[in-house]
Amino acid sequence: MSQIRNYIAAAFAAGLLIATPAVAGDTPAEIKQRIGPGDPEAGKEASGMCQGCHGEDGNSAMSTFPKLAGQWSDYIQKQFREFQNGARKDPTMTDMALSVGEFPELFDIAAYFASQNLMTTTVTEDEKEQAQYLDGEKLYNEGNANSGSFRCVMCHGKHGQGEPLNNPLFPIIGGQHKDYLIKQLTDFKNNTRDNDRSGMMMLIAGRLSEQDIVALSSFLGHTLPPPAPPAPLAPPPPVEEWRVLLEDKAVNIEGTSFKSGSSKLNDSADKQLAVVIDFANNIPDAKLELIGYSDSTGSEKNNIKLSENRANSVKKFLVHKGISADRISTKGLGPANPVADNTTAEGREKNRRVEIHSILKEEKKVRVNGAIKEPVE
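Criteria and cut-off values
Residues numbered from 1 in each chain as written. Predicted model: local features only at pLDDT ≥ 70, side-chain atom pairs only at ≥ 80, totals over all residues. Heavy atoms only, no water. Helix = DSSP H or I, 4+ residues; strand = E, 2+ residues; numbered from the N terminus. Contact = heavy atoms within 4.5 Å. Areas by Shrake-Rupley, 256 points an atom, 1.4 Å probe, with all protein chains shown as cover. Pairing = 2+ DSSP bridges. Salt bridge = Lys/Arg side-chain N within 4 Å of Asp/Glu carboxyl O. Buried < 20%, exposed > 50% of the residue type's maximum accessible area, 1.4 Å probe, protein only. Axes fitted to C-alpha atoms, helices over the stretch in contact; angles between N-to-C directions. Lys, Arg positive; Asp, Glu negative; His and termini not counted. Core = buried A, V, L, I, M, F, W, Y, C linked by side-chain atoms within 4.5 Å. Phe/Tyr/Trp six-rings, centres within 6.5 Å; stacked < 30°, edge-to-face > 60°. Lys NZ or Arg CZ within 6 Å of the ring centre and 35° of its normal. Parallel < 35°, antiparallel > 145°, perpendicular 65-115°, else oblique. Right-handed = clockwise from strand over helix to strand, strands pointing away. 1 Å grid on protein atoms, 1.4 Å probe; cavity = no way out; pocket = protein on both sides within 12 Å on 5 of 7 lines; lining within 4 Å. Points joined across faces, edges and corners; volume = space filled by probe spheres on them. Nonpolar A, V, L, I, M, F, W, Y, C, P; charged D, E, K, R; others polar.

Asks: Go over the overall build of the protein chain with me, naming the residues and quoting the values.
Replies: Scanning the protein chain from terminus to terminus reveals 15 helices and eight strands. Of all intrachain contacts in the protein chain linking residues separated by at least 6 positions in sequence, the fraction that spans at least 24 positions is 73%. Total accessible area on the protein chain is roughly 21000 Å²; 54% of this is exposed by carbon and sulfur atoms.

Shown next as structure tokens:
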């Protein structure tokens, strides 16, 4: 027997060099593969007593009863028969197994539980549990060269979700109850469960410490909470609208602020002029040039006078807001330089405007928090 175990161990160790195969899943083809020859519909009715402990869908509520949801049908049948013949022992399960006499009924029961979606892990928030999970994950996927522990992933698939080819020797164990897994691994370690006829599980579990068993069971029964989303990047500071004048771009007080033939500012101009006031307050050595325009309606002489009056209306508003009159120059150009089509009412409205330009010294001083600062290169 020892020679057989050594041979199996050597063969298994060689298999560690093989790439990890794909895992089983819950596609219709994969579920069909797990079900086997039984009838799930008949098995649902026949498994009524089983559901009392293992859950209606095979997800037991108590950790002492294993989950059967999505388990290989062949594996369920194998364990059931071994409870019947005494190869595996449990007072409750032995009596339950003996109550099923016909193989077709066993096939149906196994098919029903196999037809359910795979058992799932539960998220653990406990820090100690999370540390055990990480230790178990490493041991499960990499083994332990010092103790001779094998890589569980080679037989049981990624996170214990099984392999795509139905093999009753390698059950699906990912999502199984932690307490149940601890008991089974401990029983294999102590040879109190010995229904693995190859002896592989007794050999593997015998090389696991109690700490290893807890870590592996924690990994298989749980998953870590998703990582916290990264903190959103702080939005860039808003670009102050007044800085447009630093870029030698005009601020336009357009026709919505002037009715046809009028130089009186409407209230709608306040927001645009607030930008100019901010600029003047932040750049105290800048001067402003106000250029008034009109549409093409009427005589050019009248339009030039009207455009001058519009520029002076804006100057009066700015002076009232605290900007020194010495910093403001005005002129009117009438219908010159139109920005829109004068043949339409909308275009004429856009052309009735005042353009505000900044006149800056070569070296600009900027007001920061109320104090005037020299420019920083």
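Asks: Let's hear about the pairing of strand β6 (residues 354–359): which residues, and what values?
Replies: Strand residues, when the strand is regular, have side chains that alternate between the two faces of the sheet. With three bridges connecting them, strand β3 (residues 251–253) and β6 associate as antiparallel partners. Note on β6: the bridge partner recorded for Val251 is Ile356.

Asks: Would you mind going over the pattern of salt bridges in detail, with residue names and values included?
Replies: This structure, assessed with the given rule, holds eight salt bridges. Measuring nitrogen to oxygen at the nearest pair gives 2.8 Å for the salt bridge that ties Asp187 to Lys183. With Asp187 and Lys183 both in helix α10 (residues 178–189) and four residues apart, this pair spans about one turn of that helix. Residues Asp295 and Arg352 are paired through a salt bridge, measuring 3.1 Å at the closest nitrogen-oxygen approach. Placement of the pair is Asp295 in the loop between β4 (287–292) and α14 (300–320) and Arg352 in the loop between α15 (345–351) and β6, with a sequence separation of 57 residues.

Asks: So what about the environment of Thr124? Which residues, and what values?
Replies: On the secondary structure map, Thr124 appears in the loop between β1 (122–123) and α8 (127–142). Given the relative accessible area of 6%, Thr124 is considered buried. Residues Thr124 and Thr223 lie 99 residues apart in sequence; the distance between their C-alpha atoms is 6.3 Å. Contacts of Thr124, omitting those with residues within four sequence positions, involve Glu129, Gln130, His222, Thr223 and Pro225.

Asks: Outline the sheet that holds strand β5 (residues 328–332), listing residues and values.
Replies: Across the sheet, which stays open at both edges, the four strands sit in the order β3-β6-β4-β5 with mixed pairing between neighbours. Among the strands making up the open sheet, the edge pair consists of β3 and β5. Taken pair by pair, the neighbouring strands of this sheet meet at an average axis angle of 20°, ignoring direction. Across the sheet, helix α13 (residues 269–282) is in contact with β3, β4 and β6; its angle to β3 comes to roughly 145°. Relative to β5, α14 is tilted by about 160°, and along the sheet it contacts β4, β5 and β6.

Asks: Let's hear about the side chain of Arg327: which residues, and what values?
Replies: Structurally, Arg327 is set in the loop between α14 and β5. In this structure, Arg327 is buried with no salt-bridge partner, the nearest side chain bearing the opposite charge being Asp285 at 6.5 Å. Those residues within four positions of Arg327 in sequence are excluded, and the remaining contacts are Ala280, Ile283, Pro284, Ala286, Lys287 and Leu288.

Asks: Describe the nonpolar core, and please don't skip the residues or the numbers.
Replies: By size, the foremost hydrophobic cluster in this structure holds 23 residues, and its most contacted members are Ile253, Leu265, Leu273, Leu290, Val314, Leu318 and Ile356. Put simply, the parts of the chain that give this core at least two residues each are β3, α13, β4, α14 and β6. A per-element tally of this core places α13 first, with six residues. When neighbours within four sequence positions are excluded, Leu318 is seen to be in contact with Leu273, Val276, Ile277, Leu288, Leu290, Ile323 and Ile328.

Asks: So, the packing of aromatic side chains: which residues are in play, and what are the values?
Replies: Under the counting rule described, the total for this entry stands at three aromatic pairs. With 5.3 Å between their ring centres and 50° between their planes, Tyr140 and Phe219 make a pair best called tilted. Of this pair, Tyr140 sits in helix α8 while Phe219 sits in helix α12 (residues 210–221), and the two are 79 residues apart along the sequence. Each of the two residues, Tyr140 as well as Phe219, counts as buried. When the ring centre of Tyr293 is taken as origin, the NZ or CZ atom of Arg353, which lies over that ring, is 3.9 Å away.

Asks: Which residues make up the packing of α8 against α12, and what values go with them?
Replies: How two helices sit against one another is set out by the angle between their axes and by the gap between those axes. Relative to each other, α8 and α12 sit at 95°, their axes nearing to 7 Å. The orientation of α8 relative to α12 falls into the category roughly perpendicular. Residue-level inspection shows Glu129, Gln132, Tyr133, Asp135, Gly136, Glu137, Leu139, Tyr140 and Asn141 of α8 in contact with α12, the latter providing Asp212, Val214, Ala215, Leu216, Ser218, Phe219 and Leu220.

Asks: With reference to specific residues and values, describe the pairing of β5.
Replies: By the bridge criterion, five bridges tie β4 to β5 in an arrangement that is parallel. When the sheet's bridge partners are listed, Ile291 is paired in β5 with Lys331. For the segment spanning β4, α14 and β5, crossover handedness is right-handed.

Asks: Explain the layout of surface pockets to me, and be specific about the residues and the numbers.
Replies: When its volume is computed, the second largest pocket comes out at roughly 180 Å³. What lines the second largest pocket is Gln132, Asp135, Lys138, Leu139, Gly143, Asn144, Gln211, Asp212 and Ala215. For the lining of the second largest pocket, the element with the highest residue contribution is α8, accounting for four residues. Residue classes in the lining of the second largest pocket are distributed as two nonpolar, four polar and three charged.

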